[in-house]
Amino acid sequence: MKIKLIVLALVMQNAFNVVGQTKEIEYKDGEQVLSGISVKPSKPTPNKPGVLILPAWMGIDDHAKDSANRLAALGYITFIADIYGKDKRPTNYAEAGQKAGYFKSNIKEYQIRIKLALDQLIKQGANPDNIVVMGYCFGGTGAIEAARTNMKVKGIVSFHGGLGRDEKRDIETIKPKVLVLHGADDPYESKQEVDYFQEEMRKAKADWQMVFYANAVHAFTDKNAGNDNSKGAAYNELADNRSWRELLAFLKEVL
């Protein structure tokens, strides 16, 4: 038993040791100052894969930071995007809804902010030909937008993200591989919207996957979302763990 504990301690120590530098990076969209977070492994894998993380509607949060650290511990160069601006982050859910709603309604501005963050990830050393974009909730919506606009990435991963698309927009061929991880009981995405999204993926000739998790609603990966499914957003440990494993398998495949 003692030997097993020692081995486990060494494994955990090695996992943490590969996380190198964490720092805030300021960049701009015009006059708006943005401030993202770069997390680099001390020993990135030889092909320097990068993962851009788009946070949920409250902006850069502990959930996004935890994901960045966990991925850096596996050798991925990570960057957490600042979508709103250094001085414009929401302080409550009402503000978050307003700010996220603005970018959803002004989708080209959202796309620009994602692209600027992608540029920062590359500046931090990620291989520009070996990148995946992932996002949570509002960030999941952004990840799907990265696919729709064919940003130069190998794949996108959306965790409980919004699926909707303005019907006036043309459907273009989607080149990045697409993985959508979705709560089977998410009340914020209707069956019709899910069906429309899947039809869009078919028309776009995308290489896509959509995984549904039983008894999971919106925000099922967020430990701060509570555990009351009746509220529409709640943490689900099983779905969280399963979706993380899907992410890692996807990253291994495309990067």
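Everything quoted here is computed from the prediction, not taken from an experiment. (Residues numbered from 1 in each chain as written. Predicted model: local features only at pLDDT ≥ 70, side-chain atom pairs only at ≥ 80, totals over all residues. Heavy atoms only, no water.)

## What to know about the overall build of the chain
No. 1: Along its length, the chain carries seven helices and eight strands.
No. 2: By principal-axis analysis of the C-alpha atoms, the chain measures approximately 60 × 45 × 40 Å.
No. 3: Residues classed as buried in the chain amount to 48% of the 255 residues present.
No. 4: Carbon together with sulfur atoms contributes 51% to the accessible area of the chain, which is approximately 12,900 Å² in total.
No. 5: Side-chain charges in the chain split into 35 positive and 32 negative, and the spacing between the mean points of these groups amounts to 7 Å. (Helix = DSSP H or I, 4+ residues; strand = E, 2+ residues; numbered from the N terminus. Buried < 20%, exposed > 50% of the residue type's maximum accessible area, 1.4 Å probe, protein only. Areas by Shrake-Rupley, 256 points an atom, 1.4 Å probe, with all protein chains shown as cover. Lys, Arg positive; Asp, Glu negative; His and termini not counted. Charge placed at Lys NZ, Arg CZ, Asp CG, Glu CD.)

## Things to note about the nonpolar core
No. 1: Within the largest apolar cluster, 39 residues are counted, with the highest numbers of intra-cluster contacts made by Leu52, Ile83, Leu121, Val133 and Ile156.
No. 2: Looking at this core element by element, the count peaks at six residues for helix 4 (residues 107-123).
No. 3: Leave out the neighbours within four places in its chain, and Ile156 touches Val133, Ala143, Ile144, Ala146, Ala147, Pro176, Lys177, Val178, Leu179 and Phe250.
No. 4: Counting residues in each nonpolar core, the second largest holds 32 residues, with Val39, Tyr136, Cys137 and Leu179 among its members. (Core = buried A, V, L, I, M, F, W, Y, C linked by side-chain atoms within 4.5 Å. Contact = heavy atoms within 4.5 Å.)

## Concerning the confidence of the model for the chain
No. 1: Taken as a whole, the chain shows an average pLDDT of 93; of its residues, 93% reach a score of 70 or greater.
No. 2: Taken as a whole, residues 1-17 scores under 50 in pLDDT and shows two contacts with residues more than four places along the chain or in a different chain. (pLDDT = per-residue confidence, 0-100.)

## Considering the packing of aromatic side chains
No. 1: Under the definition given, this model contains nine aromatic pairs.
No. 2: When the centroid spacing of 5.3 Å and the interplanar angle of 90° are considered together, the rings of Tyr102 and Phe103 count as edge-to-face.
No. 3: Lying over the aromatic face of Trp244, Arg70 brings its terminal NZ or CZ to 3.9 Å of the ring centre. (Phe/Tyr/Trp six-rings, centres within 6.5 Å; stacked < 30°, edge-to-face > 60°. Lys NZ or Arg CZ within 6 Å of the ring centre and 35° of its normal.)

## Brief notes about the pattern of salt bridges
No. 1: According to the stated counting rule, one finds 13 salt bridges in the structure shown.
No. 2: We note a salt bridge from Arg169 to Glu145, for which the minimum N-O separation is 3.0 Å. A residue pair is termed long-range when its members are at least 10 positions apart, and Arg169 in the loop between strand 6 (155-159) and strand 7 (177-183) and Glu145 in helix 5 (residues 138-148) qualify at 24 residues.
No. 3: Take Glu145: its relative accessible area is 1%, and that puts it in the buried class.
No. 4: Here Glu200 makes a salt bridge to Arg148, at a shortest N to O gap of 2.8 Å. Taken together, the positions of Glu200 in helix 6 (residues 191-203) and Arg148 in helix 5 put the pair 52 residues apart, joining distant regions of the chain. The same class applies to Glu200 and to Arg148, which are both buried.
No. 5: When salt bridges that share partners are traced, they join Glu145, Arg148, Arg165, Arg169 and Glu200 into one network. (Salt bridge = Lys/Arg side-chain N within 4 Å of Asp/Glu carboxyl O.)

## Topic: the environment of Asp87
No. 1: The topology assignment puts Asp87 in the loop between strand 4 (77-80) and helix 3 (93-105).
No. 2: Exposure remark for Asp87: the relative accessible area of 62% places this residue in the exposed category.
No. 3: Separated by 34 residues in the primary sequence, Asp87 and Ile53 place their C-alpha atoms 20 Å from one another.
No. 4: Within the local environment of Asp87, its side chain forms a polar contact with the side chain of Gln32, the two groups lying 3.0 Å apart. (Polar contact = N/O pair within 3.5 Å; in protein donor to acceptor, adjacent residues only side chain to side chain.)

## Concerning the environment of Leu179
No. 1: Mapped onto the elements of the fold, Leu179 is located in strand 7.
No. 2: Taking the C-alpha atoms as reference points, Leu179 and Val157, separated by 22 residues in sequence, lie 4.8 Å from one another.
No. 3: Aside from chain neighbours lying at most four places away, what touches Leu179 is Ile156, Val157, Ser158, Gln209, Val211, Glu246, Leu247 and Phe250.

## Observations regarding helix 2 (residues 62-72)
One turn of the α-helix equals 3.6 residues, which is why residues spaced by three or four share an orientation.
No. 1: For helix 2, the complete set of buried residues consists of His63, Ala64, Ser67, Ala68, Leu71 and Ala72. Mapping the buried residues of helix 2 onto a view down its axis gives an arc of 165°, with all of them on the same face. (Arc of directions from axis to C-beta.)

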